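Coordinate inspection notes
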Amino acid sequence: MSEKGKIVMGALAPHPPHLVYAENPPQNEPVSEGGWEELRWGYERLRESMSDKEFDVIVIHTPHWQTFIGTHFLGVENFKSKSVDPVFPNLFRYDYDLNVDVELSREIHNIAEKEGLHVKMMENPDFRIDYGTITSCHLTRPEWDKPIVVISSNRASSYFSHEIMQANMLKLGKATREAIEKSGKRALLLSSNSLSHRHFTVEPELPEDMSKEHVTNHNQYIWDMKIINLMLKGKNRELIDIMPDFTEQTMAETDAGSLTWLISALDFPKYEAKIHAYGSVIGTGNAIIEWDSERGEK
Ligand SMILES: [Fe+2]
């Protein structure tokens, strides 16, 4: 391909397995009576919003493939197995069959390595795909008709600090953008994480009993709104600056680095993001947000 590739859209696409459980797709074993409609309708609006976009590949950064030495990339063309959520095996037992764009995966790996990051291609064909990847990809593109690139979450936040994690993710985001441009492909990028992440420790008898669902506490809600409003106003430098405090004070799932990676890959958009939903799942804060980079360029 000779034409320069591009990121056609980026999205914050959180992965509570409850949302897949509530949808009752044929791939998931447990059966529900519904629940978490606001978020599921939000995903519907996101799908509608991207329905006129043409893209070749989905690139996702996931908090639930955790690697302690460097960042890893899926390096096998197909994975087929069952994914079970270790915390919610009652909700998520999902049969997946997915294809990987190994060529683009390797290109991001190579550029990131040149930038000085520790990286590794994951080439074990029996590797079990994490439920974060599956849930975000399923809810964004239930047809599973596009190959994906999956990037692990290096746990620099746990080993060092949120600041070091962010420094690495800013490099990784830039490497991702450069690899996509070089590839000539059109890519959809997903940051698979919740925002505030304090959650209940006891599940209601019926998990989808919506009379039990609400944000864990008001502090989390205030922080989530602060973060969301920065994204909506295109103030993404400020967002990155306050992310370590937000992450620490709300135990946010941004500790995985996914959102920092996405903002960097999109090159700190100055245009407004668009929100499709905000809602709680077991008390955590979840927002579905898109950055339409093609619209933003105009
Ligand atoms: Fe998670």
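Keep in mind that this is a model prediction, so the values were computed, not measured. (Residues numbered from 1 in each chain as written. Predicted model: local features only at pLDDT ≥ 70, side-chain atom pairs only at ≥ 80, totals over all residues.)

**Things to note about helix α7 (residues 218–232)**
Worth spelling out the cut-off: Counting from the N terminus, the helices are the DSSP runs of H or I reaching at least four residues and the strands are the DSSP runs of E reaching at least two. For a helix, the expected span equals 1.5 Å multiplied by the residue count minus one. Exposure criterion: with C-beta atoms placed from backbone coordinates, a residue whose C-beta has 20 or more other C-beta atoms within 10 Å is buried, one with 12 or fewer is exposed, and one in between is partly exposed. Of all possible arcs, the one meant is that of the directions from the helix axis to the C-beta atoms. In this description, any two residues whose backbone-derived C-beta atoms lie within 7 Å of each other are considered to be in contact.
The terminal C-alpha atoms of α7 lie 21 Å apart, and with 15 residues this matches the ideal 21 Å at 1.5 Å per residue to within 8%. Among all positions of α7, only Gln 220, Trp 223, Asp 224, Ile 227, Leu 230 and Met 231 are buried. Projected onto a plane normal to the axis of α7, the buried residues spread over an arc of 125 degrees and lie on a single side. Of the residues in α7, the exposed ones pointing more than 90 degrees away from the buried face are His 218 and Asn 229. In the core, the buried residues of α7 are packed alongside α8 (236–249) and β10 (284–291). Looking one or two residues past α7, Gly 234 carries a phi angle of roughly 75 degrees, positive in sign.

**With respect to the pairing of strand β7 (residues 148–154)**
Operational definition: Any two strands with at least two DSSP bridges between them are considered paired.
Where burial is concerned, most of β7 is hidden: seven out of the seven residues are buried. Inspection of the sheet shows strand β2 (residues 57–67) paired to β7 by six bridges, in the parallel sense. Residue pairing across strands places Val 59 opposite Val 149, the latter belonging to β7.

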